[in-house]
There are 2 protein chains.
Amino acid sequence: METAQFRLAARPVGMTKESDFERTTETVRELNDGEVLVKTLYLSLDPAMRGWMNDAKSYIRPVQIGEVMRAGGLGVVVASKSAKFAVGDHVSGGLGVQTYWLGAADDRSAALYKIEPSLAPLPTWLNTLGMPGMTAYFGLLEVGQPRSGETVVVSGAAGAVGQTVGQVAKQLGCRVVGIAGGKDKCDMVVNELGFDACIDYKNGDVRAGLKEHCPNGVDVYFDNVGGDILDIVLTRINMKARIVICGAISQYNNTTPVKGPSNYLSLLVNRARMEGMVVFDYADRYPVAAAALGKWLKEGKIKSKEDVVRGIENFVPALNMLFEGKNFGKLILQVADQ
Amino acid sequence: METAQFRLAARPVGMTKESDFERTTETVRELNDGEVLVKTLYLSLDPAMRGWMNDAKSYIRPVQIGEVMRAGGLGVVVASKSAKFAVGDHVSGGLGVQTYWLGAADDRSAALYKIEPSLAPLPTWLNTLGMPGMTAYFGLLEVGQPRSGETVVVSGAAGAVGQTVGQVAKQLGCRVVGIAGGKDKCDMVVNELGFDACIDYKNGDVRAGLKEHCPNGVDVYFDNVGGDILDIVLTRINMKARIVICGAISQYNNTTPVKGPSNYLSLLVNRARMEGMVVFDYADRYPVAAAALGKWLKEGKIKSKEDVVRGIENFVPALNMLFEGKNFGKLILQVADQ
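About the criteria used
Residues numbered from 1 in each chain as written. Chains lettered and ligands numbered in written order. Predicted model: local features only at pLDDT ≥ 70, side-chain atom pairs only at ≥ 80, totals over all residues. Buried ≥ 20, exposed ≤ 12 C-beta atoms within 10 Å, placed from the backbone. Helix = DSSP H or I, 4+ residues; strand = E, 2+ residues; numbered from the N terminus. Domains from an automatic or database assignment. Contact = placed C-beta atoms within 7 Å. Nonpolar A, V, L, I, M, F, W, Y, C, P; charged D, E, K, R; others polar. Pairing = 2+ DSSP bridges. Axes fitted to C-alpha atoms, helices over the stretch in contact; angles between N-to-C directions. Expected span 1.5 Å × (residues − 1). Arc of directions from axis to C-beta.

Points about helix α2 (residues 131–144) of chain A
Residue and element names in this part refer to chain A.
(1) Moving on: Counting buried positions along α2 yields 12 of 14 residues, so the element is predominantly enclosed.
(2) Moving on: Residues of α2 that are buried: Met 131, Pro 132, Gly 133, Met 134, Thr 135, Ala 136, Tyr 137, Phe 138, Gly 139, Leu 140, Val 143 and Gly 144.
(3) Moving on: Looking at the residues trailing α2, positive phi occurs at Gln 145, about 45°.

In structure tokens, the structure reads:
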């Protein structure tokens, strides 16, 4: 049995290219005691992956040249010499961009955990019930701290994190305004996900949109994009507003310095704060978020929207869809049938 | 009796010029019931005054063309038809750039309050026991929230707010590193004010200085200057660091857009926050800060350093000293002898 892998071959400059990866195949070795073999079914494609390819100090160490590209994923255990997981179990964790993952069941960097396919479709476990959902839940509640009746604005509203941020904020009784690229995404955000409004930054004036749809100003801004949109929202924040810095997808492929928010002194004028968050800090409390999100999903109060691309060979173009704004919901790469 | 005034004649572009003001004199009218006449002794010169001259939405309304320039000050009551203040009382409040202030004793925008000259020299009431001291105290304690043993960095360390931020942080058991312009200021900050170190941004490498003097990173950064220094400090912050945005003196005379912090994504990586503050929010608790700062002053644990320029006619060049970094301690304009 063989496993096929994407290994980082070069540190990308700007957008990731096929030539930044080497494709390898290896024969799967025999398992040692305590190990499991996981067949990759789905891989999560996330904006953060672009940052992991850079040789820069961050919240996680960079992927090394020659190393299998890091990726979260979901698979099925096909061989096990561990009491932790049985053959047939579905697990989620850091599988990497490869068709099979082999290692200790308690490997700390993979951090595998069992998921229950009976509770939700598999892709949902990489979205609302996975890292994006956890990020949205803790970023909004712990850092954004919205109160009922406040106005919450979220960029990347049709994306993995944004969709759940907005839907959870609605559950909390907030007015929710999304920012997304294109009419179709905005329609989905409003009509399917139930946001109060969505501003199409590609075909409209974000400043005018905020004025129209946030008549009482912005109390919480959950930022996934950075760049000009962050700067515009800063001009509309209320006193004591909270800005959650979750990501800056507009800046990740920059070959020039990151654009800092010129309007940051709005924080001073409004006694507001801007705070970063990394989901891993909340790992102890993932079950709390999963329980709440799972309940809302089951009751039909929130939805999990995924955009599934098939075939590990499409890894690079699929990843780039994120930065081109082409994905419609959480982007997932399907590596094998279930 | 006449009062001489500086009235805003034009909105400055870049640095303030003499021609941006019209100098007027008026005969002081008779007092009505409830009014007082205050002879201006000292005026506080603050970086924020530059912002008040711009026609822009901020935490306080702009000074209007033709209006007496707003300024905090300290004076002596020379006539009174109010039970609130007696002739001979020393009062502090929004006197404006004029030799006499006349108005209702309870005027809300002047917000006059009585001070006790026996407790501290008059200039100290515009510094450690005035707005700069209150700003330092509440900005550091409420927004910066330093803990004993943490490293606190403050820019504008020899200035009005910075000097007290650093000295209070020392009282709390923090390691304190200042950033100031020039060897003389840095020597004063270390030798007279007791900071652990001071980085001379005009004659040294701030990045290298932070590396040397903050071996454990930066937990709290109290920012009075913005610009490149803010960006450099962002590269050295610790996990869960707090950045207090108190001012951005490097940007106030800009004729180009404010420089936003390019390294703001360090907030994300470090789960850190950047928060603005305006001292007026803490008005109810000024007595608490004044009591603590007054006690430390009396015990010789902290010092109040002022740089006094004489003569209301020097208002414009004196104000510009702030932006040229020429003041040595809190800058005060002495308008009359006591």
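Looking at the domain arrangement of chain A
All names here are of chain A.
(1) Moving on: The domain boundaries assigned to chain A delineate domain 1 (2–127 + 305–334) and domain 2 (131–280).
(2) Moving on: Here domain 1 and domain 2 have C-alpha centroids that lie 28 Å from each other.
(3) Moving on: Between domain 1 and domain 2, the contact holds 18 residues from the first and 15 residues from the second.
(4) Moving on: Taken together, the elements giving at least two residues each to the side of domain 1 that touches domain 2 come down to α1 (48–52) and α9 (315–324).
(5) Moving on: Here the element with the most residues in the side of domain 1 that touches domain 2 is α1; it accounts for 3 residues.
(6) Moving on: Tallied by class, the residues present in the side of domain 1 that touches domain 2 amount to 8 nonpolar, 7 polar and 3 charged.

Re the sheet that holds strand β9 (residues 175–180) of chain B
(1) Moving on: Sheet architecture is open: 12 strands sit in the order β10(A)-β9(A)-β8(A)-β11(A)-β12(A)-β13(A)-β13(B)-β12(B)-β11(B)-β8(B)-β9(B)-β10(B), paired in mixed fashion. Looking along the sheet, the strands with just one partner apiece sit at the ends: β10 (197–200) of chain A together with β10 (197–200) of chain B. Looking at each pair of strands side by side, their axes are set apart by 15° on average, direction ignored.
(2) Moving on: Examined bridge by bridge, β9 of chain B and β10 of chain B share 4 bridges and lie parallel to one another. In the strand pairing of β10 of chain B, Ile 179 of chain B is matched with Ile 199 of chain B.
(3) Moving on: Sheet strands touched by helix α4 (residues 183–192) of chain A: β9 (175–180) and β10 of chain A. Its angle to β10 of chain A, the strand with the most contacts, is close to 170°.

Some points on the interface of chain A and chain B
(1) Moving on: Taken together, the 24 residues of chain A in the interface contact 24 residues of chain B.
(2) Moving on: Element by element, the count of residues in the side of chain A that touches chain B is highest for strand β13 (residues 273–276) of chain A, at 4 residues.
(3) Moving on: Looking at side-chain class alone, the side of chain A that touches chain B contains 15 nonpolar, 5 polar and 4 charged residues.
(4) Moving on: Note that β13 of chain A and strand β13 (residues 273–276) of chain B share 3 bridges and pair antiparallel. Its bridge partner lying in β13 of chain B, Glu 275 of chain A is registered against Arg 273 of chain B.

Here we look at helix α8 (residues 286–298) of chain B
Every α-helical turn comprises 3.6 residues, leaving residues that sit three or four positions apart pointing alike.
Residues and elements named next belong to chain B.
(1) Moving on: For α8, spanning 13 residues, the distance from its first C-alpha to its last is 18 Å, which sits close to the expected 18 Å at 1.5 Å a residue.
(2) Moving on: Within α8 the residues assigned to the buried category are Ala 289, Ala 290, Leu 293 and Leu 297. The arc that holds every buried residue of α8, seen down its axis, measures 100°, which confines them to one face. Opposite the packed face of α8, turned more than 90 degrees from it, sit the exposed residues Pro 287, Ala 291, Lys 295 and Lys 298.
(3) Moving on: On its buried side, α8 packs onto α2 (131–144).
(4) Moving on: Gly 300 sits one or two positions beyond α8 and adopts a positive phi of about 75°.

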